[in-house]
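Secondary and tertiary structure notes
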Amino acid sequence: MLLELITDEVIARQTPEAQGIIRALLADLDARDQRWTARVETLTARVAVLKRTPQNSSLPPSTQHPHDKPLPPKPKSGRQRGGWPGHPKHERTLLPPAECDEIIPLMPTNCRRCGVLLKGTDPEAGRHQV
């Protein structure tokens, strides 16, 4: 690894400013390594505690005892479904009608809400592109 190449001998050949920077970076890397090692150990311990069942692992259903209690349901997060207000839409823009291969006009005869007979045309009719 690269850190094995940075020995005290290599650091001693650098200017005093570079030596200080190298030692500070090495100390920061060491601190990060210790934090990540502790995090991995914590997560490994949490995984070991989880009960493996056919519902949450690749165990066959026959490994579960028929009288085992089911796992308690997960608590609701309280967040609303869907995008949040102000979130930019992710949608495909409609092609101009001139670039479409085929246009099929669909004009309903009655209103789908109230059933009133529809007459005339809508200058701003909705478009759906497939």
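Residues numbered from 1 in each chain as written. Predicted model: local features only at pLDDT ≥ 70, side-chain atom pairs only at ≥ 80, totals over all residues. Heavy atoms only, no water.

1. Thoughts on the overall build of the protein
If you tally the helices and strands in the protein, you get 3 helices and 0 strands. On C-alpha atoms alone, the protein measures out to a radius of gyration of 32 Å, which is more than a quarter above the 14 Å that the 2.2 N^0.38 rule sets for 130 residues. Seen through its C-alpha atoms, the protein measures out along the principal axes to roughly 90 × 60 × 30 Å. Expressed as a percentage of its 130 residues, the buried residues of the protein come to 2%. (Helix = DSSP H or I, 4+ residues; strand = E, 2+ residues; numbered from the N terminus. Rg over C-alpha atoms; globule rule 2.2 N^0.38 Å. Buried < 20%, exposed > 50% of the residue type's maximum accessible area, 1.4 Å probe, protein only.)

2. Considering a nonpolar patch on the surface
A contiguous nonpolar surface patch, about 330 Å² in accessible area, is contributed by Leu 3, Leu 5, Ile 6 and Leu 29. The topology assignment puts Leu 5 in helix H1 (residues 2–5). (Patch = residues over 30% accessible without salt bridge, like charges linked within 9 Å, V, L, I, M, F, W, Y side chains within 5 Å. Areas by Shrake-Rupley, 256 points an atom, 1.4 Å probe, with all protein chains shown as cover. Salt bridge = Lys/Arg side-chain N within 4 Å of Asp/Glu carboxyl O.)

3. A look at the pattern of salt bridges
On inspection of all chains with the given rule, the structure shows 2 salt bridges. For Asp 28, the salt bridge goes to Arg 32, with nearest N and O atoms at 3.2 Å. Here Asp 28 and its partner Arg 32 are both found in helix H3 (residues 16–49), 4 residues apart, which amounts to about one turn of the helix.

4. Side note on the confidence of the model for the protein
Predicted confidence across the protein gives a mean pLDDT of 85, with 98% of residues reaching 70 or more. Considering each helix and strand of the protein separately, the mean pLDDT is smallest for H1, with a value of 75, and largest for H3, with 90. (pLDDT = per-residue confidence, 0-100.)

5. A word on the state of the cysteines
Evaluated as defined, the whole model comprises 0 disulfides. Left unpaired, Cys 114 is separated from the closest cysteine sulfur, that of Cys 111, by 3.7 Å. (Disulfide = S-S within 2.5 Å.)

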